[in-house]
Amino acid sequence: MAEILVNGGNRLQGEIPVSGAKNAALPLMAVTLLTAEPVTLRNCPDLHDISTLANLLRGLGSEVDASALGLASADALPVLRLHTPEIISIRAPYELVSQMRASILVLGPLVARMGRAEVSLPGGCAIGSRPVDLHLLGLEALGAHITLRDGYVFAETAHGGKARLQGAKITFPKVSVGATENVVMAATLAEGRTEVLNAAQEPEIVDLCQCLIAMGAQISGVGTSHLIIDGVENLGGVTHQVVADRIEAGTFAVAAAITGGELILKNGRLDHLGSLVRVLAEAGTVCAEISGGIHVASTVDRPHAVNVTTQPYPGFPTDLQAQTMSLMVVADGSAVLTETIFENRYMHVPELIRMGANIEIDGRIAVVRGVDRLYGAPVKASDLRASASLILAGLVATGETRLSDIHHLDRGYERIEEKLRGVGATIERHDGTDG
Ligand code: UD1
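Residues numbered from 1 in each chain as written. Predicted model: local features only at pLDDT ≥ 70, side-chain atom pairs only at ≥ 80, totals over all residues. Heavy atoms only, no water.

Moving on: the overall build of the chain. Per the secondary structure count, the chain includes 15 helices and 24 strands. Counting only residues that meet the buried cut, the chain has 56% of its 435 residues in that class. For the chain, contacts bridging at least 24 residues in sequence account for 74% of all contacts bridging at least 6. With an accessible surface of roughly 16500 Å², the chain has 49% of that area assigned to carbon and sulfur atoms. Positive and negative side-chain charges in the chain, numbering 34 and 48 respectively, have mean positions lying 2 Å apart. (Helix = DSSP H or I, 4+ residues; strand = E, 2+ residues; numbered from the N terminus. Buried < 20%, exposed > 50% of the residue type's maximum accessible area, 1.4 Å probe, protein only. Contact = heavy atoms within 4.5 Å. Areas by Shrake-Rupley, 256 points an atom, 1.4 Å probe, with all protein chains shown as cover. Lys, Arg positive; Asp, Glu negative; His and termini not counted. Charge placed at Lys NZ, Arg CZ, Asp CG, Glu CD.)

What follows is the structure, given as structure tokens:
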């Protein structure tokens, strides 16, 4: 069984490159279904979730060339090439969709281009029930007839799938990143104007809109909660650079804070991390924009406790809650963390407690009383960001932390052990093949 071993106690110092954002790359890959011309994604991360979606797209008819992924060097960005001259299947099967919830992102583009789609209901991280009702509400408003049968979503435009989607005014009752992305992609090829109110405003959605605009889409209000999309008949090919991963950058910023260290996050975007920067500043770690990245430096011997509530962007990201909790676990004082996005996102807590943390959970609220010291222990990753929080805790724990079930980590962090080793951490991967 593959594991990551961390020996805590080192102060991190140096430069870490930040990869392209997984959560931007996934919708950008789905964009290939909207055009018969080639789509090239520069700075695409080499991650398990990317290969999962690549396999799904291949089944729908896309040619996906991932041979230049994972080859990042000082002067060459990793590249993913996608081309879907023809869609050969409109069915996204359970076997692939169940591996990753973001597979639902093919639904909007398929209906928009083909008039029909059959997409299995998704799986993904076990961090809550995570329904897809908002995706379906949006596509129904655009004129798709939706039925749920045998665990699949069947979507069809009018006249048996022959009609185009029709622009509409959609007000989401709740902010959803994925539903906003699905609807925006579908609306680019709809007939007439679509208005999306209460749209998600995450930087990954801005990146998606910018890519679609470069392909010929007409979108205004980008970066706000009110998007206006005027449908066009065709979209062209594009070469687009994937935005830097703010969650990966944020994870490394917390690594600097928790080890009392100083890091340069190369290519990181400070403007996408405002809410984390404020929390870290209160905790005693200063982040500043520098040319080509972010400078992060701890100014205290022990972090101060800070209360954190997760919110849709520009609020504090749920995807950094677990990592920030690890920081609060060793802080001076008590912190209250409130998770408002997902109902089951404290699965790292029992593992942190096994390392010596003092945390009490009551529903969506976690009260963290800072302890002087954590102790290394065997711990299990339960989801992607929980895995990262356990590595962060391992970086300050006394002794060895052994993290198992690391396939969760590999879904979203590119070579994390190499990157952390490069700035002074004692961390390695055991592939488990030698028994
Ligand atoms: C995306 C991110 C994920 C992040 C999350 C919230 C990707 C690939 N994943 O996930 O890393 O944690 O945003 O920032 O970009 N909801 C519904 N009905 C729906 C859809 C969502 O009730 O149809 C609920 C969810 O259960 C959750 C909330 O809305 O409580 C937000 O979810 P959403 O923003 O849709 O998250 P994802 O797009 O799945």
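In the region of the ligand, 19 residues are neighbours, and Asp133, Leu134, Ser176, Asp319 and Ile341 sit closest. A distance of 2.7 Å is found between an oxygen atom of the ligand and a backbone nitrogen or oxygen belonging to Leu134. Out of a free accessible area of 740 Å², the ligand has 89% covered by protein chains. Those elements that provide at least two residues to the shell around the ligand are α5 (133-141) and α7 (177-188). At three residues, α5 tops the list of elements feeding residues into the shell around the ligand. When its residues are assigned to classes, the shell around the ligand shows eight nonpolar, five polar and six charged. (Near = heavy atom within 4 Å. Polar contact = N/O pair within 3.5 Å; in protein donor to acceptor, adjacent residues only side chain to side chain. Nonpolar A, V, L, I, M, F, W, Y, C, P; charged D, E, K, R; others polar.)

Right, let's talk about the pattern of salt bridges for a bit. For the structure shown, the criterion picks out 17 salt bridges. Put simply, Lys419 and Glu248 hold a salt bridge, and the shortest N to O gap is 2.6 Å. In this pair, Lys419 is assigned in helix α15 (residues 416-421) and Glu248 in helix α9 (residues 246-258), connecting sequence segments 171 residues apart. In this structure, Lys419 and Glu248 share a single accessibility class: buried. A salt bridge links Glu360 to Arg369; the shortest N-O distance between them is 3.2 Å. When salt bridges that share partners are traced, they join Glu3, Glu400 and Arg402 into one network. (Salt bridge = Lys/Arg side-chain N within 4 Å of Asp/Glu carboxyl O.)

Quick look at the sheet that holds strand β22 (residues 378-380) now. Spatially, β22-β23-β1-β24 is the arrangement adopted by the four strands of the open sheet, whose pairing is mixed. For this open sheet the edge positions go to β22 and β24 (426-430), each flanked by a neighbour on one side alone. Strand-to-strand twist across the sheet, computed as the mean angle between neighbouring axes with direction ignored, equals 20°. Sheet topology note: the strand β1 (residues 3-7)/β24 ladder contains five bridges and is antiparallel. (Pairing = 2+ DSSP bridges. Axes fitted to C-alpha atoms, helices over the stretch in contact; angles between N-to-C directions.)

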